[in-house]
Amino acid sequence: MCLAVPGKVVAIFEENGLRMGHIDYAGTVSRACLEYVPEIAVGQYTVVHAGFAISMLDEAEAAQSFAAWRELTEAVHRSGTDLFGNPLPPEETKE
Amino acid sequence: MKYSDEYRDPALAQRLVGEIHRTVTRPWTVMEICGGHTHAIMRYGLDQLLPKGLELVHGPGCPVCVTPVELIDKAVAIAACPEVILTTFGDMLRVPGSRQDLQMARSQGADVRMVYSPLEAVALARQHPERQVVFFAVGFETTAPANAMAVLQARREGLANFSELVSQVLVVPAMRALLAAPENRVQGYLAAGHVCTVMGFAEYEAIAAEYRVPIVPTGFEPLDILEGLLMVVRQLEAGEHRVENQYRRSVGRSGNALAQQAMAEVFRVADRTWRGIGLLPQSGLLLREEYAAFDAERRFAVQGIRAAEAPQCISGLILQGRQKPDQCPAFGRECTPGHPLGATMVSGEGACAAYFKYQHVWIPA
Amino acid sequence: MNVKPEDFSCPLPITDHDTVQLAHGSGGRLTAELVEKFFLPRFANPTLARLEDQAVLECPVGRLAFTTDTFVVDPLFFPGGSIGDLAVNGTVNDVAMGGARPLWLSTAFVIEEGLPLATLHAVLIAMEEAAKAAGVTIVTGDTKVVGKGACDKLFINTTGLGVVPEGINISATNLKPGDAVLVSGTIADHGMAILTSREGLSFESSIESDTAALHGLVADMLAVCPEMRALRDPTRGGVATTLNEFARSSRVGIVLREEAIPVRPAVRAACEVLGIDPLYVANEGKLVAVAPAEKAEAVLAAMRAHPLGAQAVCLGEVTAENPGLVAMRTLLGAHRIIDMPVGEQLPRIC
């Protein structure tokens, strides 16, 4: 359930008394209600479901995840085993 | 697309897959509750990459699939009223009722319109004061805040011609029911990342402790799902059973307070029947008395609905993860996506539809 | 460019009415006025001007390609084009997919009583321009007017005739294991332009239809590869449907590579937001081609040299295994079946 997609807020305005935004998804722009993320500013990213922004994307957390995944890559090589736990031939092991 | 594409990096995915393989030493059964996870797993073929002993069971997180037949029949009956514009998410258009679905009703002259957001339905009510605009408010907690705002907005604007036909369900009671069932085999859970975005994950802590199962709120991109699975199996292998948040960029422990407030203002928790599963106590939302004026069930007082399910349909067992679609005698015969007997064959993320789509065995060259 | 009726600078002919009346279709004075003031000036050519019940044409030498299609799109005007563009380009393309040079079109209109004449005029201008761009003449036509509610604004049928050059035998039954599967450019533009311009879906979008006449591109491709196996324009049901039709007709398998599938970022984003799979979305200015493997590079080069094929790519290949099935190797290296769609794809929130 719950198809929700991240996009960038490019405009904030009021419509019928509700705080609304224009959300840019890689060049296609759609309208979303920002009432549930009142602190969001233009240029920030949000996750939108059924025309409503439901969270502000935490960019620091996102960056941390990628750092962790890249670290995983290094750790796998350092340990001397391949992706599936089998020992790597000696010349493939990175120091 | 930023915050999407990076989460589909094949090289990083391979790393996570490899790590899952290195971690798993015994068979485990993990359920992804959310239909969105089922869909993503099928879309990228993630289940093909996992170790053989790691079994994924598809859960009942498909609000389309669990909407009671009676409600579909009521929606069809309401749509038939000439003054009504019945608005709905696209997902609901082809879900079978006892005799018809909404798309069939439209082809017979009912004014049924698809919307992307409940605010579009409110806009229709504003634009057409001479018509009754009914919004089919279906969803889990992710959608409830949107459906709540539509009611609040209609009241603010004095739109007496707007009402909602409510079919809101809650995840946690369903999880508890699954876990309490004696035949439950599931040992760990990927929790629905967008439900948790709204609700937080504090309420899962008691469940994890009581039933001794790891629960991981997970995002929907391949790297999210693979990391979520890795977190679950690491806990299982270590004998742990905590709530651990994979979807940190969107989910916080307490969720979205404003969204929860709007839900609490407009809806109250009530017993609810889940199609294929039956009555689950305190598992759904209904409009509060103060908002009764916006309740389409009361406004249209639809009588004489005698709901009938196709007798062969075992979607309930499938939603609980107790049977697989290809174990159903009707699967692929009387029941196909073109002629569905139950909701799990209609919904794009219903397990039966997914199995039908991907059932052929592909032999790599 | 979102084409609207008021954009057209060609002046609206003066008539007693603002809208199409039932009498416009009854064959009398109003019909004649409609034909003379609206249709003839737009499709001006000697054959049509004779206003006979039939067009008499010099019989071309060779095999005739003959096709018909009816266009019922809503809205009539959408970003990048109109029903008029589709009516001309769609039929030109169906003729061209047989390797034929399109020559003549007929066109028949079913008009709902009450359609503004300005709208009809704008559609006809669009057809005139599309026909000129495609180098085809509209030589005969018909108009009917039906009562309010009996049709949705305007339905247009076009039928096309063309000549297939000697030695060209293009067919969905020709595919052979090893053949290359090519596409002329980005997919899903047209269907998503229509979907995102619909009311109720909250878009303020920039996606334009790709409607275009492809016979020039086809001619360039056949010049370097007369032994082209198959050609089709993936309209309703998208690339997935076309490839399934090929696989079934030739009883072969097809394997695509997900990373090769070209989709414009804005289109892909709109698909993600609405939960739509671009492989199943209609295209109106693209073609899928299957060529012998050894000719693939040459065909791609010819495509890329043409404005309508600048982003042509190889999507995958034909296999002997799994006859009748189309599969895709996903970004992550797993395989999934790309099945025939059941009905129209609907936007979802789940």
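Residues numbered from 1 in each chain as written. Chains lettered and ligands numbered in written order. Predicted model: local features only at pLDDT ≥ 70, side-chain atom pairs only at ≥ 80, totals over all residues. Heavy atoms only, no water.

Draft legend 1. Summary view of the overall build of chain C. When you go through chain C residue by residue, the secondary structure sums to nine helices and 13 strands. Its C-alpha atoms give chain C a radius of gyration of 21 Å, near enough to 20 Å, the size a compact globule of 350 residues would have. By principal-axis analysis of the C-alpha atoms, chain C measures approximately 65 × 55 × 30 Å. For chain C, the residues scored as buried account for 59% of the 350 residues in total. In chain C, once contacts between residues fewer than 6 apart in sequence are set aside, the share between residues at least 24 apart is 86%. (Helix = DSSP H or I, 4+ residues; strand = E, 2+ residues; numbered from the N terminus. Rg over C-alpha atoms; globule rule 2.2 N^0.38 Å. Buried < 20%, exposed > 50% of the residue type's maximum accessible area, 1.4 Å probe, protein only. Contact = heavy atoms within 4.5 Å.)

Draft legend 2. Quick look at the overall build of chain B. Within chain B one finds 17 helices and 10 strands. Over its C-alpha atoms chain B spans a radius of gyration of 21 Å, differing by no more than 12% from the 21 Å that the globule rule assigns to 365 residues. The principal-axis extents of the C-alpha atoms in chain B amount to approximately 65 × 45 × 45 Å. For chain B, the proportion of its 365 residues judged to be buried stands at 64%. In chain B, of all internal contacts separated by at least 6 residues, the share reaching a separation of at least 24 is 78%. Roughly 13000 Å² of accessible area belongs to chain B as shown, and the carbon and sulfur atoms make up 52% of that amount. Distance between charge centroids for chain B: 1 Å, based on 35 positive and 38 negative side chains. (Areas by Shrake-Rupley, 256 points an atom, 1.4 Å probe, with all protein chains shown as cover. Lys, Arg positive; Asp, Glu negative; His and termini not counted. Charge placed at Lys NZ, Arg CZ, Asp CG, Glu CD.)

Draft legend 3. Spotlight on the state of the cysteines. All names here are of chain B. In the structure shown here, the tally under the stated rule is one disulfide over all chains. Disulfide partner of C62: C65, at an S-S distance of 2.4 Å. As the torsion about the S-S bond is roughly 65 degrees, the C62-C65 disulfide counts as right-handed. On the basis of relative accessibility, which here comes to 3%, the residue C62 falls in the buried class. (Disulfide = S-S within 2.5 Å.)

Draft legend 4. Looking closely at the packing of aromatic side chains. Counted by the stated rule, this structure contains seven aromatic pairs over all chains. Ring centres of F220 of chain B and Y247 of chain B lie 6.5 Å apart, and the angle between their planes is 80 degrees; on these two criteria the pair is classed as edge-to-face. Taken together, the residues span a long stretch of sequence, with F220 of chain B in the loop between β8 (215–218) and α12 (222–238) and Y247 of chain B in the loop between α12 and α13 (257–266) at a distance of 27 residues. Each member of the pair, F220 of chain B as well as Y247 of chain B, carries the same accessibility label: buried. For the pair F39 of chain C and F109 of chain C, a centre-to-centre distance of 5.0 Å together with 50 degrees between the ring planes defines the contact as tilted. In this pair, F39 of chain C sits in helix α1 (residues 29–42) while F109 of chain C sits in strand β4 (residues 101–112), placing the two residues 70 residues apart along the sequence. (Phe/Tyr/Trp six-rings, centres within 6.5 Å; stacked < 30°, edge-to-face > 60°.)

Draft legend 5. Focus on the interface of chain B and chain A. With 56 residues of chain B in contact, the opposing surface of chain A contributes 46 residues. A buried area of about 4100 Å², summed over both sides, lies between chain B and chain A, and 65% of it is on carbon and sulfur atoms. On the chain B side of the interface with chain A, the three residues burying the most area are Y3, R15 and R22 of chain B, jointly 17% of the side's total. A salt bridge links R248 of chain B to E61 of chain A; the shortest N-O distance between them is 3.1 Å. There are 14 residue pairs in polar contact (both at pLDDT 80 or more) connecting chain B and chain A. Mapped by element, the contributors of at least two residues to the side of chain B that touches chain A are α1 (10–23), α2 (35–44), α7 (118–127), α8 (144–157), α10 (193–199), α12 and α13 of chain B. A total of nine residues in the side of chain B that touches chain A trace back to one element, the largest contributor, which is α1 of chain B. (Buried area = accessible area lost by both parts, 1.4 Å probe. Salt bridge = Lys/Arg side-chain N within 4 Å of Asp/Glu carboxyl O. Polar contact = N/O pair within 3.5 Å; in protein donor to acceptor, adjacent residues only side chain to side chain.)

Draft legend 6. Expanded view of the nonpolar core. Counting 142 residues, the largest nonpolar core has L102, F162, Y189, Y204 and I215 of chain B as its most contacted members. Tallying contributions element by element places α12 of chain B first for this core, with nine residues. Not counting the four nearest positions on each side in its chain, F162 of chain B is found in contact with A121, V122, A125, V133, F135, A150, V151, A154, F294 and R299 of chain B. Formed by 53 residues, the second largest nonpolar core is a distinct cluster that contains I207, L274, L279 and V288 of chain C. (Core = buried A, V, L, I, M, F, W, Y, C linked by side-chain atoms within 4.5 Å.)

Draft legend 7. Structural detail: the pairing of strand β12 (residues 326–329) of chain C. Residues and elements named next belong to chain C. Across four bridges, strand β9 (residues 253–257) lies against β12 in parallel orientation. When the bridges of β12 are listed, V255 appears paired with A327. Where β12 and strand β13 (residues 335–337) come together, three bridges link them in antiparallel fashion. Residue pairing for β13: M328 is matched across the bridge by R336. (Pairing = 2+ DSSP bridges.)

Draft legend 8. A look at the pattern of salt bridges. By the definition in use, this model includes 40 salt bridges over all chains. A salt bridge links E19 of chain B to R22 of chain B, with the shortest nitrogen-to-oxygen separation between them at 3.0 Å. Taken as a pair, E19 of chain B and R22 of chain B lie in helix α1 at a separation of three residues, close to a single helical turn. A residue is classified by how much of its surface remains accessible, and E19 of chain B, at 10% relative accessible area, is buried. Linking E210 of chain B and R176 of chain B is a salt bridge whose minimum nitrogen-to-oxygen distance equals 3.2 Å. Of this pair, E210 of chain B sits in helix α11 (residues 202–211) while R176 of chain B is found in helix α9 (residues 171–180), placing the two residues 34 residues apart along the sequence. On the basis of relative accessibility, which here comes to 28%, the residue R176 of chain B falls in the partly exposed class. Sharing partners across several salt bridges, the network here consists of E15 and R31 of chain A, E120 of chain B together with E204 of chain C.

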